[in-house]
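Chain by chain, the residues run as shown.
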Amino acid sequence: MESKCRLRLREGSTQLSLCVMSPLVGRLLLLVCLALPLYGVEKVRNRGYRKDPDAEKCTGNDAEKPNCTRRSEEGRSTYLNSMGPAGTPGREGNPGTNGIPGTPGIPGRDGLKGEKGECVNEIFEEPWRPNYKQCAWNSLNYGIDLGKVADCTFTKMRSDSALRVLFSGSLRLKCKNACCQRWYFTFNGAECTGPLPIESIIYLDQGSPELNSTINIHRTSSVEGLCEGVKAGLVDVAVWVGTCADYPRGDASTGWNSVSRIIIEELPK
């Protein structure tokens, strides 16, 4: 029986001997023998694709662990070589919207102490107030040729101000030949030097030979000007009459039959 029905199959190095008792049993045994090798191959294939959960945790110093697997550099280079060429760079994107403003920063440290400044004393001056005076005479009729005609005292408030003076009155000069007289101001006995004297003159060339007499005309005239450099305090302002340089004097008259006046005013510079 054994010599008639022995069927030998090989799977690797294993031999299977089957004795077909009947045709139906033989076919079933044949199908089983064919299916067993296919199942073994599929199991081996699945085992090759199984991934060790600890394999990715392997680092440089863990290479000696039993479950540690590392990719070889040859496999990595093969993977990189299989990549295609780099693509062209893409276009620049649209600008993004402004971000949310940040929170205020921490206050900085105090700076270095500055140098000591100079002390400046501010001078607050009082507002300017008008300061003026007038002295007047009715029918002064002063007929001297040399000397003081009239005077008027004035209180000057500041040294850096100027004095404006005015004399208004009747003046006259007569003589048979040429003559000249001058009327001028003085301040505390001295003529003004800031900048120049304040004066007026009358010159007469000669008399009238037809009438065999001299001309005698009285006219209201004025002597006026500004004087700087007069110190503050009480100031004696006077009007004088005198001669002109290099000319003989004549017969002078001041304030005849009329009002004469001196006006003094202090002005800021």
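Here's a quick rundown of the structure. What you see is a predicted model, and the numbers here were worked out from it, not measured in a lab. (Residues numbered from 1 in each chain as written. Predicted model: local features only at pLDDT ≥ 70, side-chain atom pairs only at ≥ 80, totals over all residues. Heavy atoms only, no water.)

Regarding the overall build of the protein chain
- When helices and strands are counted, the protein chain shows two helices and eleven strands.
- When its helices and strands are written in sequence order, the protein chain yields β-β-α-α-β-β-β-β-β-β-β-β-β.
- Counting across all 269 residues of the protein chain, residues that qualify as buried make up 24%.
- Here the protein chain displays about 21300 Å² of accessible surface, and carbon together with sulfur accounts for 53% of that area. (Helix = DSSP H or I, 4+ residues; strand = E, 2+ residues; numbered from the N terminus. Buried < 20%, exposed > 50% of the residue type's maximum accessible area, 1.4 Å probe, protein only. Areas by Shrake-Rupley, 256 points an atom, 1.4 Å probe, with all protein chains shown as cover.)

Re a nonpolar patch on the surface
- A cluster of nonpolar side chains, Leu-24, Val-25, Leu-28, Leu-29, Leu-30, Leu-31 and Leu-34, forms an exposed patch at the surface whose accessible area comes to about 640 Å².
- Counting through the fold element by element, Leu-30 comes out in helix 1 (residues 23-49).
- The class for Leu-30 is partly exposed, based on a relative accessible area of 38%. (Patch = residues over 30% accessible without salt bridge, like charges linked within 9 Å, V, L, I, M, F, W, Y side chains within 5 Å. Salt bridge = Lys/Arg side-chain N within 4 Å of Asp/Glu carboxyl O.)

Remarks on the side chain of Asp-145
- Turning to its location among the elements, Asp-145 is positioned in the loop between strand 3 (131-138) and strand 4 (147-156).
- Buried Asp-145, no salt bridge; nearest opposite-charge side chain is Arg-249, N-O distance 4.7 Å.
- A polar contact of 2.7 Å, which involves the side chain of Asp-145, links it to the backbone nitrogen of Ala-252.
- With sequence-adjacent residues up to four places away left out, Asp-145 is seen in contact with Gln-181, Val-241, Gly-242, Arg-249, Gly-250, Asp-251 and Ala-252. (Lys, Arg positive; Asp, Glu negative; His and termini not counted. Polar contact = N/O pair within 3.5 Å; in protein donor to acceptor, adjacent residues only side chain to side chain. Contact = heavy atoms within 4.5 Å.)

Structural notes on the side chain of Arg-182
- Position of Arg-182 among the secondary structure elements: in strand 6 (residues 179-187).
- Among the residues examined, Arg-182 registers a relative accessible area of 14% and is labelled buried.
- Separated by 2.5 Å, the side chains of Arg-182 and Glu-199 make a polar contact.
- In this structure, Arg-182 is in contact with Glu-191, Pro-197, Glu-199, Ser-200, Ile-201, Trp-240, Val-241, Gly-242, Thr-243 and Cys-244, ignoring residues within four places of it in sequence.

Points about the state of the cysteines
- In this structure the tally under the stated criterion is four disulfides.
- Each sulfur of the disulfide joining Cys-135 and Cys-152 lies 1.9 Å from the other. Because the sign of the S-S torsion sets the handedness, a value of about 55° for the bond joining Cys-135 and Cys-152 places this disulfide among the right-handed ones. Remark: Cys-152 occurs in strand 4 and Cys-135 occurs in strand 3; sequence separation between them is 17 residues.
- According to the relative accessible area criterion, Cys-152 is buried, its value standing at 2%. (Disulfide = S-S within 2.5 Å.)

Things to note about the environment of Lys-133
- Within the secondary structure layout, Lys-133 lies in strand 3.
- Each C-alpha atom of the pair Lys-133 and Glu-266 lies 9.1 Å from the other, and the pair is 133 residues apart in sequence.
- If near-sequence neighbours (up to four positions away) are discounted, Lys-133 is found in contact with Cys-152, Thr-153, Phe-154, Ile-262, Ile-263 and Ile-264.

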